[in-house]
Amino acid sequence: MSPASSHALKHPPVTAPSEPAGAPSDFPELAVAIDRQRRRGRGAQSNASGRFEAEARVAFDDGWQSLEELPPFKTTVGIDTSRKVITRNESPDIGFDRSINPYRGCEHGCVYCFARPTHAYLGLSPGLDFESKLFVKPETPALLEKELAAPGYEPRMIAIGTNTDPYQPIERERKTMRGILEVLERAGHPVGIVTKSALVTRDIDILARMAKRNLAKVGISVTSLDPKLARTMEPRASTPPKRLEALKQLSEAGIPTTVMVAPVIPALNDSEIERILDAAAHAGVKEASYVLLRLPLEVRDLFREWLMANYPDRYRHVFTLIRDMRGGRDYDAKWGERMKGTGPMAWTIGRRFEIACDRLGLNKRRSKLTTDHFAKPKRNGDQLSLF
């Protein structure tokens, strides 16, 4: 153990490819990868300590082949003891001001996930820890009902899945998301869901009833139709055909659906924009959106490691294009630009998306949810009305 201020410990030096033209000179070293067998079925290549930790741990071979005895990363589930479930935000470039995240961490393992840095607040790594050390709020439905019943609560659409996926594999056993939907349906509260899991079809019964009252809509992210790329980039998420089938089932049940081409990664999956939209339109989808790749904080280095390990021949080209769309940087968090980027390449991606949507008749009308049906849940001890 040694102070984390020693950069060599947190990011041991490895041979890195030359930087793209015009890149900053302070390009940091890539973190050393964990053995492939230990991280089999995971997205991240490494497990560097979180940015708030005072010390860092680095595995090294002491000559006794002890690294070979280390166990593979297994998924564990801890308890999140926070007493509130609705998170508020004031971001001007997103269409909601409140959200719920039933789980912290996500087993899907998407290497590009912008939620990874949140694990650093728990003293854990945004790398492999984010995919394998998960936390659940077992009292989420009860806590939600309490918050909805609070004096002064004003209903507006609650977004679910904006940070980690509410339908990740542990939802099959925990059923936290289904409990949330049951509370929202009883209260007549609108909800918008984002996922990349076909497990959402399990709750079609609730979602269809809510949709009849304009209380629910679902967006499914389809990043690629290439099964190899999808499995490498999103190792434990549903396959592309299953996501398209989920969109079809949801649409046929009368639930407003959106296909999300997200994230768009230049020189990796941007060539598939039109194909994804075409496949989704044939599945009955009426709305579409896209988001450019975002690389905040630790996500940048995790994505770089992944790109070098799986597509080393595209490394420099991908980052050259990313920087062309981010004002010369790897990421620009400026509101209004962080989702779409700037510059000629970003403009071209936007126009291609718009032209394809026009051709397919997507986004002609936007589904709108209502709060007209909202009724505060009854709280224990509430006095019954005489009228």
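Look above for the structure.
Parameters at a glance
Residues numbered from 1 in each chain as written. Predicted model: local features only at pLDDT ≥ 70, side-chain atom pairs only at ≥ 80, totals over all residues. Heavy atoms only, no water. Helix = DSSP H or I, 4+ residues; strand = E, 2+ residues; numbered from the N terminus. Contact = heavy atoms within 4.5 Å. Core = buried A, V, L, I, M, F, W, Y, C linked by side-chain atoms within 4.5 Å. Buried < 20%, exposed > 50% of the residue type's maximum accessible area, 1.4 Å probe, protein only. Polar contact = N/O pair within 3.5 Å; in protein donor to acceptor, adjacent residues only side chain to side chain. Pairing = 2+ DSSP bridges. Axes fitted to C-alpha atoms, helices over the stretch in contact; angles between N-to-C directions. Nonpolar A, V, L, I, M, F, W, Y, C, P; charged D, E, K, R; others polar. Arc of directions from axis to C-beta. Parallel < 35°, antiparallel > 145°, perpendicular 65-115°, else oblique. Left-handed = near helix turned anticlockwise from the far one by under 90°.

Draft legend 1. Representation of the overall build of the chain within the structure. For the chain, the count of helices and strands is twelve helices and twelve strands. Partitioning the intrachain contacts of the chain with sequence separation of at least 6 by distance along the chain shows that 78% fall at a separation of at least 24.

Draft legend 2. Layout of the nonpolar core. Counting 58 residues, the largest nonpolar core has Leu144, Leu184, Leu207, Leu247, Val259 and Leu277 as its most contacted members. Of all hydrophobic cores here, the second largest spans 23 residues; its members include Phe130, Leu293, Tyr315 and Tyr331.

Draft legend 3. Quick look at the side chain of Ser125. Positionally, Ser125 belongs in the loop between β6 (103–104) and α2 (128–132). The buried category is assigned to Ser125, whose relative accessible area is 2%. Within the local environment of Ser125, its side chain forms a polar contact with the backbone nitrogen of Gly127, the two atoms lying 2.9 Å apart. In this structure Ser125 touches Asn47, Ala48, Gly50, His119 and Phe130, once residues within four positions along its chain are discounted.

Draft legend 4. Summary view of the pairing of strand β7 (residues 133–136). Across the two faces of β7 the burial differs, with Leu134 and Val136 buried and Lys133 and Phe135 not buried at all. Here strand β3 (residues 76–79) runs beside β7; their pairing, made up of four bridges, is parallel. Across the sheet, Ile79 pairs through a bridge with Val136, a residue of β7. Relative to β7, β6 is paired through two bridges, and the arrangement is antiparallel. Across the sheet, the residue bridging to Tyr103 is Val136, located in β7.

Draft legend 5. Here's a closer look at the sheet that holds β6. Spatial strand order, β3-β7-β6: three strands in an open sheet with mixed pairing. Every other strand in the sheet has two partners, leaving β3 and β6 as the edge strands with one partner each.

Draft legend 6. Fine view of the packing of helix α10 (residues 298–310) against helix α11 (residues 315–325). Contact geometry for α10 and α11: axes closest at 9 Å, N-to-C directions at 145°. Along its contact with α10, which presents Phe303, Arg304, Leu307 and Met308, the element α11 presents Tyr315, Val318, Phe319, Ile322 and Arg323. Residue composition of the contact of α10 with α11, by class: seven nonpolar, no polar and two charged.

Draft legend 7. Examining the sheet that holds strand β9 (residues 191–195) more closely. Taken in spatial order, the seven strands of this open sheet run β4-β5-β8-β9-β10-β11-β12, and their pairing is mixed. On the outer flanks of this sheet lie β4 (86–88) and β12 (287–292), each paired with one strand and no other. Between one strand and the next, the sheet's axes are offset by a mean angle of 25°, whatever the strand orientation. Relative to strand β8 (residues 158–160), strand β5 (residues 98–100) runs parallel, the two being bridged by two bridges. Its bridge partner being in β8, Ile100 is matched across the sheet by Ile160. The strands touched by helix α6 (residues 204–212) are β9 and β10 (216–221); relative to β10, the strand with the most contacts, the crossing angle is about 125°. Sitting on the sheet, helix α9 (residues 273–282) touches β11 (257–264) and β12, and the angle it makes with β11 is about 165°.

Draft legend 8. Examining unusual backbone geometry more closely. The peptide bond linking Ala262 to Pro263 adopts the cis configuration, its omega dihedral lying at -5°. Its location among the elements puts Pro263 in strand β11. For Lys175, which is not glycine, the phi torsion reads 55° and is therefore positive. Following the sequence through the fold, Lys175 ends up in the loop between α4 (171–174) and α5 (176–187).

Draft legend 9. Structural detail: α6. Taken together, the buried positions of α6 are occupied by Ile204, Ile206, Leu207, Ala208, Met210 and Ala211. At its buried positions, α6 is contacted by α5, β9, β10 and α8 (240–252). The positive-phi residue at the C-terminal boundary of α6 is Asn214, with phi of around 60°.

Draft legend 10. Here's a closer look at α9. Three or more residues of α9 are buried, namely Ile273, Ile276, Leu277 and Ala280. In a view along the axis of α9, the buried residues occupy a sector of 95°, so they form one face of it. Following α9 by one or two positions, Gly284 adopts a phi angle in the positive range, close to 100°.

Draft legend 11. Seen up close, the environment of Gly350. When you line up the elements, Gly350 lands in helix α12 (residues 344–360). As a C-alpha pair, Gly350 and Val291 span 59 residues in sequence and 9.7 Å in three-dimensional space.

Draft legend 12. Spatial organisation of the packing of α9 against α12. Relative to each other, α9 and α12 sit at 25°, their axes nearing to 10 Å. Classified by the interaxial angle, the pair formed by α9 and α12 is roughly parallel. Relative to α12, α9 is oriented so that their crossing is right-handed. Within the contact between the two elements, α9 uses Ile273, Glu274, Leu277, Asp278 and Ala281 and α12 uses Ile349, Arg352, Phe353, Ala356, Cys357, Arg359 and Leu360. Tallied by class, the residues present in the contact of α9 with α12 amount to eight nonpolar, no polar and four charged.

Draft legend 13. Seen up close, the environment of Ala187. Structurally, Ala187 is set in helix α5. Its relative accessible area of 3% is what places Ala187 among the buried residues. With 38 residues separating them along the chain, Ala187 and Ala149 place their C-alpha atoms 9.2 Å apart. Filtering out sequence-adjacent residues up to four positions away, Ala187 remains in contact with Leu148, His373, Phe374, Ala375 and Pro377.

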